[in-house]
Amino acid sequence: MKKKMRLADSKSKRNVLIVGLLTTALLAGTLLTTGTVGLMSTVDAATSTNGAGTTASALTKFKDIKGHWAQATIVKAYDKNLISGYQDGTFRPNAKITRGEYATLLSRATSLEKVQGENPFADLKGHWSESAVTQLVGQGFINANDYPKGFNPNAELTRYEMMKWIANGLIKSGTSFKDAFDDSKNTLLPTPEVNRGTIRAEQIPYLALVRGTGIVGGFEDGSLKPADPTTRAEVSAILLRYMDVEGTDAGKYSDLNEMREVGTTGTNLTTISNYFYTKNSVTVSDLSKGDIKLSNNSGVLTFHRFIVVKVQNGKPQGIYTKLFVEPKISSGDYYLTFADLSFTSNTDNTDLITYSSGLNNGLLKFRRLDLDYAKKNGFTTIPNSPKELITKGKKVRFWTRSSLDFKNGTYHITSENIGEMKIQNMYY
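Per an unreviewed UniProt entry, the chain carries the name S-layer homology domain-containing protein and comes from Paenibacillus taichungensis.

Undergrad: How should the overall build of the chain be read in this particular structure?
TA: Secondary structure assignment for the chain yields 16 helices and eight strands. Expressed as a percentage of its 428 residues, the buried residues of the chain come to 52%. In the chain, once contacts between residues fewer than 6 apart in sequence are set aside, the share between residues at least 24 apart is 71%. For the chain, the exposed surface amounts to about 20,000 Å²; the carbon and sulfur share of it is 48%.

Undergrad: Help me out: how do you make sense of the sheet that holds strand β1 (residues 275-277) in this one?
TA: Paired through their backbone hydrogen bonds, the strands of a sheet run either parallel or antiparallel. Within the open sheet, the three strands sit side by side as β1-β8-β7. Their pairing is antiparallel. In this open sheet, the two strands that pair with only one neighbour each are β1 and β7 (410-415). Going across the sheet, the axis of each strand differs from the next one's by a mean of 20 degrees, ignoring polarity. Sheet analysis places β7 next to strand β8 (residues 419-425), joined by six bridges and oriented antiparallel. Looking across to β8, one finds that Thr 410 is bridged to Gln 424.

Undergrad: Would you explain the nonpolar core in this entry?
TA: Side chains that are nonpolar tend, in soluble globular proteins, to be buried together. With 78 residues, the main nonpolar core has Tyr 102, Tyr 320 and Phe 324 as its most contacted residues. If near-sequence neighbours (up to four positions away) are discounted, Tyr 102 is found in contact with Ile 97, Leu 157, Met 162, Trp 165, Ile 166, Val 235 and Leu 239. Core analysis: the next-biggest nonpolar cluster, separate from the first, contains 33 residues, Ile 272, Val 284, Phe 366 and Ile 413 among them.

Undergrad: Would you mind showing me how to read the packing of aromatic side chains here?
TA: For any pair of aromatic rings, geometry is given as the distance between the ring centres together with the angle between the planes. Under the counting rule described, the total for this entry stands at 24 aromatic pairs. On the basis of an interplanar angle of 50 degrees and a centroid distance of 6.0 Å, the ring pair of Tyr 275 and Tyr 411 is categorised as tilted. Taken together, the positions of Tyr 275 in strand β1 and Tyr 411 in strand β7 put the pair 136 residues apart, joining distant regions of the chain. Taking the relative accessible area as the measure of exposure, Tyr 275 reaches 2% and is therefore buried. A cation over an aromatic ring shows up here: Arg 232 above the ring of Phe 91, its NZ or CZ 4.4 Å from the ring centre.

Undergrad: Honestly, the pattern of salt bridges in this entry has me stumped. Any pointers?
TA: Pairing is possible between side chains of opposite charge, provided their charged atoms come close. Scanning the model with the defined rule gives nine salt bridges in all. A salt bridge links Asp 182 to Lys 178; the shortest N-O distance between them is 2.8 Å. With Asp 182 and Lys 178 both in helix α8 (residues 175-183) and four residues apart, this pair spans about one turn of that helix. Residues Glu 326 and Arg 401 are paired through a salt bridge, measuring 3.0 Å at the closest nitrogen-oxygen approach.

Undergrad: Just checking my understanding: could you explain the side chain of Thr 187 for this structure?
TA: With respect to the helices and strands, the residue Thr 187 is situated in the loop between α8 and α9 (204-212). In this structure the side chain of Thr 187 is engaged in a polar contact, spanning 2.6 Å, whose partner is the backbone oxygen of Met 259. Those residues in contact with Thr 187 that lie beyond four places of it in its chain are Ile 204, Ala 208, Met 259, Val 262, Gly 263, Arg 305 and Tyr 320.

Undergrad: Sorry if this is basic, but what is going on with unusual backbone geometry here?
TA: Most peptide bonds take the trans configuration, and most residues that are not glycine carry a negative phi. Of note in the backbone geometry, Asn 81 takes a positive phi value of approximately 60 degrees without being a glycine. Relative to the assigned elements, Asn 81 resides in the loop between α4 (71-79) and α5 (99-109). With a phi close to 55 degrees, Asn 408 is a non-glycine residue in the positive phi region. Tracing the backbone through its elements, the reader meets Asn 408 in the loop between β6 (395-404) and β7.

Undergrad: I keep staring at the environment of Tyr 277 and nothing clicks. Help me out?
TA: Position of Tyr 277 relative to the elements: it lies in strand β1. For the pair formed by Tyr 277 and Met 421, sequence separation is 144 residues and the distance between their alpha carbons is 7.6 Å. Not counting residues within four places of it along the chain, the set of residues in contact with Tyr 277 comprises Glu 261, Thr 265, Thr 267, Thr 270, Val 282, Thr 283, Met 421, Lys 422 and Ile 423.

Undergrad: Could you clarify how one ought to interpret α5 in this entry?
TA: Owing to its 3.6 residues per turn, the α-helix brings residues three or four apart onto one side. Burial within α5 is extensive, with 11 of its 11 residues counted as buried. Of all the residues in α5, the buried ones are Arg 99, Gly 100, Glu 101, Tyr 102, Ala 103, Thr 104, Leu 105, Leu 106, Ser 107, Arg 108 and Ala 109.

Undergrad: How do you make sense of the environment of Phe 177 when you look at a structure like this?
TA: Inspection of the secondary structure assignment puts Phe 177 in helix α8. What Phe 177 contacts, discounting residues up to four positions off in sequence, is Leu 170, Ile 171, Leu 209, Thr 213, Val 245, Gly 247, Thr 248, Asp 249, Ala 250 and Tyr 253.

What counts, and at which threshold
- Residues numbered from 1 in each chain as written.
- Predicted model: local features only at pLDDT ≥ 70, side-chain atom pairs only at ≥ 80, totals over all residues.
- Heavy atoms only, no water.
- Helix = DSSP H or I, 4+ residues; strand = E, 2+ residues; numbered from the N terminus.
- Buried < 20%, exposed > 50% of the residue type's maximum accessible area, 1.4 Å probe, protein only.
- Contact = heavy atoms within 4.5 Å.
- Areas by Shrake-Rupley, 256 points an atom, 1.4 Å probe, with all protein chains shown as cover.
- Pairing = 2+ DSSP bridges.
- Axes fitted to C-alpha atoms, helices over the stretch in contact; angles between N-to-C directions.
- Core = buried A, V, L, I, M, F, W, Y, C linked by side-chain atoms within 4.5 Å.
- Phe/Tyr/Trp six-rings, centres within 6.5 Å; stacked < 30°, edge-to-face > 60°.
- Lys NZ or Arg CZ within 6 Å of the ring centre and 35° of its normal.
- Salt bridge = Lys/Arg side-chain N within 4 Å of Asp/Glu carboxyl O.
- Polar contact = N/O pair within 3.5 Å; in protein donor to acceptor, adjacent residues only side chain to side chain.

The structure is reproduced here in structure tokens:
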């Protein structure tokens, strides 16, 4: 006996009419395009059963996923009728996915209300993915203005397109994500690519949403590789995560909250630590609008960003850990801090101790980042020979490193024309 499909909840919207239509097409001998997202398997998912009378599993259906890193993910996505395979019994998990294929999967994954719209792309008319793309345009996932020369549905999807579409979906699913998007426009993404010029400013808030919610975790080195293509297996995993995040509250995601605070204040301090601003304190973003003169007249600096990583029992925590913290660090409980500074020296004597003494506050120090790790992630920091970077009268920008006490700490820094930033904490 055939098992009837069940619609479990609003996140399981499925176009069951296509089953009958495709079955009719098959019986009539209509040829289905094998390069599509396996429409044949949509029929199979609804009708095929195994000997026990239950729906056949993905392991049974697809002969090329056993032992693959995404095996469990593919099985789960198939059970949710999210993905399908090819007529030859394969899923092809490592195959690159096209715009049309991704649009079809995403149109199944979303729970957003469908909006009746018209196809804005002349080159999409009659294509098998036309209805899915039109649906996504109507729902706000796809911006037609992003494709002024046509949608080109058979083109390989880039990772940025993948991430931008689902970021748009999050924004449409709740006002909290729109707020998070706005807060993240000036944030620091936790990826080494921010130092390599491969991520454009307008891409940042879209990438921040998907990275901060954990929908996309990045590669081993933390990179997001927005220009690269992506695979059917990767998309299956990402869309399952998207289904869990869509419609939730952006405020529940701590990684995203760190990036939002950096975007609005220049630091993630109060999100990752138990430090707080004292009354009338200014923020890092405020200080970045003015100069800070060293008290011993050895130089002038501008304070751009202040990134904090919590270390507890010797283990670093927070979204910026992989970007800034080398594998081996000191044990104990403390906060590592990384400051983005512009600095002009007033002296020929490039003495880091003199510069640090002129700060006279403890919040900042002229200490270099781990040189090997900084080079790996593209950071400019103070070299072993500081004169290679810092010379009298030349404004240079670099990152420095320091730390904050884990408890009972008080720190301040002042710009004469902006005000004082003062923070303190209490142990919890």
